[in-house]
Structures are given as C-alpha cells and as structure tokens.
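Residue strings, one per chain:
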Amino acid sequence: MMTLELKEDETSIHKAAAILREGGLVAFPTETVYGLGGDAFNPDSARRIYAAKGRPSDNPLIVHIADMESLDRLCPRIPERLHLLADAFWPGPLTMIVEKRPELPSETTGGLDTVAIRMPHHETALALIREAGGYIAAPSANASGRPSPTLASHVWEDLNGRIDAILDGGEVGIGVESTIVDLSGEVPTILRPGYITEEMLSRVLGEVSVDPTLMHPDATARPKAPGMRYRHYAPKGSMQLVEGEAADVTAEINRRIRESSLRCGVLCTDETKALYEGGLVRSLGNRNDLSSIALQLYRALREFDKEGIEEIYSESFPAEGFGQAVMNRMLKAAGYRILKTGGNKQ
Ligand code: TXA
Ligand code: MG
C-alpha cells in the first residue's frame, strides 16, 4: 500500500479522519509519542493495527477521546477517581484503566474486560479524534520492539507501506509514553510511569501503588499491563546502564570502549560529553533537565541503530519524579543490565 504523507492543516485532518472512519490506519502526533490510530469501535481496524506493527494481539490498545461525554460509550460506571484525575491532568499524558462496556470490541482491548483511556494534550490529535467519530484506538506508531517514534520520520522508517497515512506534526513534546494508572481495582496502581508522576497522582488520590515489576524484572511476577511483558524499546545494539560516581562512570565506560572490538556508543549528558575518549558519543541533554533527557532517548537509540552501533553504554539517572519514567525506559532498553562502578564493582 502507498502511505500518504499529510501535514497538520485542516484539509489533511479531514482526509485523515475520512481514512479512519473507513477503517484505515493513520499515524498522528500526540504530546507523548506518535500514535498509530484506527477506529476503536471497528474490530478490523484493531486487527490491522496489530498486523502493521507486528504486535501480539493480546496486547491491548489505548482508546483516545477528545471530551468527557465520550466516556459513556466506553465504560458503564465511571469511577469518581477518574473524574478527579481527569480534572487535574486531562487533556494530558495520563491513561486510565477502567471497566469496559461489552459494545467496545474485544479486539481493541486485547480480550480484557477493561479499557485504557486517554485524552491527549495536542490540538491536531484532538481535532482528528473529533472528526473521526470520537474514538481512536492507538498504540505507539513504532514497529513492535522498536523505540516509540518522537518524529514523523521514525514512523516512516517503521511503517511505510504498511499503513494508509502519516500525519506529520513535527517533534513531540515529551518523548516517552503516557503514565498508565489502573483504576479497576481497590487501590489505584501505576502500571507504567510517565510524565505524570507517582507524587502528582497521590496528591489527588491519596494512596497509589506502583506495579513492583516496573523497575526490576521478576520472573515470578507478571506485569499487569500486557505490553510491559514484552521486550520493548529495544535498540539493535546490546545496552548496559552504568551506575556510580560520575568520575567512576566515565572511567569505566572509557575502559570498556578501549577494550572492545565492537562499534560502541555512549549515551551521556552535556556535563560529561567531553570526557569520553572513544565510541559514538551522544548527549541526551543537561543532567538536571530530565525533560530533555526523556525527549532525546528514543531518538538517540534510533540514531545508534542507523550507525550500526553494537554496544551501548549509558549513564544513569535518579529514578525519582519524572526520572522514574526515564529509568524505566532505559532499564527496558538495556534488558535490565546494570554495571555498578566504584565500591561495588561486579
Ligand atoms: O503515550 C501513549 O500512551 C501513547 C500515545 C500514542 O498515546 N500510546 C502508547 O500505546 O504508548 P502502547 O500501545 O504502545 O502502550 C499501551 C500500554 C501497553 O503496555 C498495554 O499493554 C497497556 O497500555 N494497556 C492497554 N490497555 C490495557 C488494559 N486494559 N489493562 C492493562 N494494560 C493495558
Ligand atoms: Mg508502545
């Protein structure tokens, strides 16, 4: 199939909405990452999404809406907590999981009896959702297993010829996927960390728990979000996170690169960039500006893939606040491999 290139103007949004209403697939920008959209109430659209991404069909999709009235067709009982969080964070990078109505096709929810819902904070996305009929099911617009797209060119790399159109809205704002909170149980539980942090959620809800599998792999526990089970955000090269005092970290990475016969890449920060003596050195931004680190991460991993980098060493960051989301993605990209330097050498 020929993939159509669309811009953010009104005519393009009309065209994209028409494609979606007819059951086609359109990639579109949101504030977090690009999504691969299909009509949430059309089971064929959901099947096409799984096929285009090469994604297992038991991994449910997020339904994107543009207004609060749309909730009624998705869930039979809207929990008070959803209203509280929506008032605080919607439109925004927060996805909430609630009980679903039987009318919503089980293809969209990967066979689960719950549905993940998000109202994105992005004018083009909201306009598209409204024109397409109010409900766009959309996973991130990457091929399954690759880093999520933060630029339209990333979507072209992965999905050209496999979807009907790509709506180019330039670079996204945040660069990691939305926070997912499960409201279907007793205690609200974070299934995926994101820009909306644990602290921000507990300020509104009180008690919030965090899925314990997020920062540590645990062979005996299954992550609650099916998508968090799969190896994800994976660069082609093998990646390791290096922890310790800044000087120990740069020394260890320099030593390993010196001794390696493979093509090495370093993910570092503006503060340390000049200290690396070999390999392809890529700063993710200022160490104290986590929003820059988050926005650059997937882009840098894709650049390393293009350059044929076989071994990646990355500095690590405190897993607090938004840092929890950044470290969760880095750990997954690294398959949870951590090198400790200094007193605690492995
Ligand atoms: O920022 C985002 O959330 C982006 C943009 C496009 O909105 N979307 C996104 O979708 O990241 P995706 O499909 O790549 O990730 C959705 C995650 C998956 O891990 C999936 O398993 C989980 O949400 N999920 C969806 N519905 C669920 C449900 N009912 N119960 C538990 N987990 C669910
Ligand atoms: Mg994804």
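Heads up: these notes are all about the structure in this document. (Residues numbered from 1 in each chain as written. Chains lettered and ligands numbered in written order. Predicted model: local features only at pLDDT ≥ 70, side-chain atom pairs only at ≥ 80, totals over all residues. Heavy atoms only, no water.)

### As for the nonpolar core
Among the nonpolar cores identified, the biggest contains 90 residues, and Trp90 and Met330 are the most heavily contacted of them. At 8 residues, the largest contribution of residues to this core is made by helix α8 (residues 290-306). Lining this core are residues from two domains, each supplying at least three of them: domain 1 (4-229) and domain 2 (238-340). When sequence neighbours within four positions are dropped, the list of residues in contact with Met330 reads Met239, Leu241, Leu284, Ile293, Leu297, Ser314, Glu315 and Phe317. Of all hydrophobic cores here, the second largest spans 10 residues; its members include Ile253, Cys264, Tyr276 and Tyr313. (Core = buried A, V, L, I, M, F, W, Y, C linked by side-chain atoms within 4.5 Å. Buried < 20%, exposed > 50% of the residue type's maximum accessible area, 1.4 Å probe, protein only. Helix = DSSP H or I, 4+ residues; strand = E, 2+ residues; numbered from the N terminus. Domains from an automatic or database assignment. Contact = heavy atoms within 4.5 Å.)

### What about the sheet that holds strand β4 (residues 62-64)?
The strand order β1-β8-β2-β3-β7-β4-β6-β5-β9-β10-β11 describes an open sheet built from 11 strands, whose pairing is mixed. A strand with exactly one partner marks an edge of an open sheet, and here the two such strands are β1 (4-6) and β11 (209-210). As paired elements, β1 and strand β8 (residues 165-167) share 3 bridges and run parallel to each other. Each bridged residue has a counterpart across the sheet, and for Glu5 the counterpart in β8 is Ile166. Sheet strands touched by helix α2 (residues 43-53): β3 (35-39) and β7 (136-137). Its angle to β3, the strand with the most contacts, is close to 155 degrees. Against the sheet, helix α3 (residues 80-89) touches β5 (94-99) and β9 (179-182), its axis set at about 165 degrees to β5. (Pairing = 2+ DSSP bridges. Axes fitted to C-alpha atoms, helices over the stretch in contact; angles between N-to-C directions.)

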